[in-house]
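Residue-level structural notes
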Amino acid sequence: MNKFTPTKPAGARNVDEITGSRRLRRMRKADWSRRLVQENRLTVDDLIWPIFLTGGTNVREPIDAMPDVFRLSVDQAVREAERAAKLGIPAIATFPNIEAGRKDEAGSHILDPDNLINAATRAIKAAVPHIGIITDVALDPFTSHGHDGILRDGIIVNDETVEQVAAAAVLQAAAGADIIAPSDMMDGRIGAIRDALDANGFQDVAIMSYATKFASAFYGPYREAIGTQGLLKGDKKTYYIDHANSDEAVREAEQDLAEGADMLMVKPGLPYLDIIRRLKDEFAMPTFAYQVSGEYSMIKAAAANGWIDGEKVMLESLLAFKRAGCDGILTYFAPRVAEILKG
Ligand code: PBG
């Protein structure tokens, strides 16, 4: 006998003896059976499309660090909202690139009823009334230092920031926003926003809390997109969650729900699937993930280099959110995914 011929050890069991006749590959044998037993599915109804706004008209400015993503003037944003609605995307989320001259220490331009976010909301609502509009309410696009709060003596001042954010939320609701999404992680912001909305007749405007927003390096390309790159002094660790923590994320979500949040969001997405699953299991609330700029750009960059199949990785990453328990995903891939899903 050739000594390199593998031999079964004496007394070794055959596969049926090991598996007890349970063969998990049976249901994988054909496309039809794989489809039949598929547990999770990505549909266009799962998508929220974040778009970037800028001033002027007829502007579509490319963003270096985010291939195929543009800063859009309001008229272009309206066109894209129309396209999104035609594709069946339920909602868009808007993020403004505010011109430097309008930024100040307190981010006071957020309180201008005619600022870029509010102007875009009005224009989109008028032209595409049936698409949901989610507005991010945070000071960072408006502050000269790029922080999400009012900065005084090197400290982000919580309660004054909350007052300003709540007032801004009312203006966003008045412009027509359907969902207010506070992304600043100040303590007490959800309750303050809920009170302010209710006191101004906006009981039906929902709050999607960026309940668990982690201090993350994955936001890099976004900061180029909204023009806060280079402005930010220090980091956001005194208000975003330490990315080492999971129990703290549960406490944040619990607090936001107690204050009146209608939906929870986890951000970034893919590196935090464990948090998504924990929150969904714990609270059984509508739960969303934000596949952030860095996640998007990593896929685009690897695909551009020919290292991965970009569209397959895109779809696989989005399905991972569904598997983890998400009801939906904010993703820059939304229109491309919707096109693919439409076939
Ligand atoms: C801040 C905000 C951030 C993002 C959206 N709003 C993070 C930050 O700049 O610190 C990130 C979105 C992305 O990376 O796609 N309010």
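Up top is the structure these notes are about.
On a predicted model such as this, the values are computed, not experimentally measured, just so you know. (Residues numbered from 1 in each chain as written. Predicted model: local features only at pLDDT ≥ 70, side-chain atom pairs only at ≥ 80, totals over all residues. Heavy atoms only, no water.)

As a further point, take the overall build of the chain. Across its full length, the chain holds 12 helices and 12 strands. Considering only C-alpha atoms, the chain reaches an extent of 85 × 40 × 40 Å along its principal axes. Residue pairs at least 24 apart in sequence account for 74% of intrachain contacts in the chain once pairs closer than 6 positions are excluded. (Helix = DSSP H or I, 4+ residues; strand = E, 2+ residues; numbered from the N terminus. Contact = heavy atoms within 4.5 Å.)

Further remarks concern the packing of aromatic side chains. Taken as a whole and judged by the stated rule, the model has 12 aromatic pairs. Measuring from centroid to centroid gives 5.9 Å for Phe-52 and Tyr-222, while their planes differ by 55 degrees, and the two rings are tilted. Of this pair, Phe-52 sits in strand E1 (residues 47-53) while Tyr-222 sits in helix H7 (residues 220-226), and the two are 170 residues apart along the sequence. Each member of the pair, Phe-52 as well as Tyr-222, is classed as buried. Taking 6.4 Å as the distance between ring centres and 45 degrees as the angle between the ring planes, the aromatic pair formed by Tyr-210 and Tyr-290 counts as tilted. (Phe/Tyr/Trp six-rings, centres within 6.5 Å; stacked < 30°, edge-to-face > 60°. Buried < 20%, exposed > 50% of the residue type's maximum accessible area, 1.4 Å probe, protein only.)

This model, assessed by the stated rule, comprises 23 salt bridges. Between Glu-80 and Arg-83 there is a salt bridge, with the nearest N and O atoms lying 3.0 Å from each other. Remark: Arg-83 and Glu-80 occur in helix H3 (residues 74-87); sequence separation between them is 3 residues, near one turn of the helix. For Arg-83, a relative accessible area of 32% puts it in the partly exposed group. For Arg-102, the salt bridge goes to Glu-99, with nearest N and O atoms at 3.5 Å. Of the residues examined, Arg-102 reaches a relative accessible area of 43% and is grouped as partly exposed. (Salt bridge = Lys/Arg side-chain N within 4 Å of Asp/Glu carboxyl O.)

This brings us to the site of the ligand. Surrounding the ligand, one finds 16 residues, the nearest of these being Asp-140, Arg-223, Lys-267, Ser-293 and Tyr-332. In the complex, the protein chains occlude 100% of the 400 Å² of accessible area that the ligand would expose alone. Residues of the shell around the ligand, tallied by class, amount to 8 nonpolar, 2 polar and 6 charged. (Near = heavy atom within 4 Å. Areas by Shrake-Rupley, 256 points an atom, 1.4 Å probe, with all protein chains shown as cover. Nonpolar A, V, L, I, M, F, W, Y, C, P; charged D, E, K, R; others polar.)

Looking now at the nonpolar core. Judged by nonpolar contacts, the single largest core of 102 residues is most densely connected at Phe-52, Ile-89, Ile-124, Ile-193 and Met-208. Residue contributions to this core peak at 7 residues, all from helix H5 (residues 158-175). Ile-89 has contacts with Val-44, Leu-47, Trp-49, Ala-84, Ile-131, Ala-334, Pro-335 and Ala-338, leaving out every residue within four places of it along the chain. (Core = buried A, V, L, I, M, F, W, Y, C linked by side-chain atoms within 4.5 Å.)

The next point concerns the packing of H3 against helix H4 (residues 116-127). Orientation of H3 relative to H4, taken along the N-to-C sense of each, is 45 degrees, at an axis distance of 9 Å. As the angle between them shows, H3 and H4 are arranged oblique. Here H3 and H4 pass one another in a crossing that is right-handed. Here H3 contributes Val-74, Ala-77, Val-78, Ala-81 and Glu-82 to the contact with H4, which in turn contributes Leu-116, Ala-119, Ala-120, Ala-123, Ile-124 and Ala-127. Residues of the contact of H3 with H4, tallied by class, amount to 10 nonpolar, no polar and 1 charged. (Axes fitted to C-alpha atoms, helices over the stretch in contact; angles between N-to-C directions. Parallel < 35°, antiparallel > 145°, perpendicular 65-115°, else oblique. Left-handed = near helix turned anticlockwise from the far one by under 90°.)

Moving on: a nonpolar patch on the surface. There is a patch of nonpolar side chains on the surface, built from Met-27, Trp-32, Leu-36 and Val-37 and spanning about 430 Å² of accessible area. With respect to the secondary-structure elements, Val-37 resides in helix H2 (residues 31-37). We classify Val-37 as partly exposed; its relative accessible area is 43%. (Patch = residues over 30% accessible without salt bridge, like charges linked within 9 Å, V, L, I, M, F, W, Y side chains within 5 Å.)

This part covers unusual backbone geometry. Cis geometry marks the peptide bond from Lys-267 to Pro-268; its omega dihedral reads -10 degrees. Considering the arrangement of structural elements, one finds Pro-268 in the loop between strand E10 (263-267) and helix H9 (273-283). One non-glycine residue, Asn-58, adopts positive backbone phi at about 55 degrees. Of note in the backbone geometry, Asp-153 takes a positive phi value of approximately 50 degrees without being a glycine. Overall, Asp-153 belongs to the exposed group, its relative accessible area being 77%.

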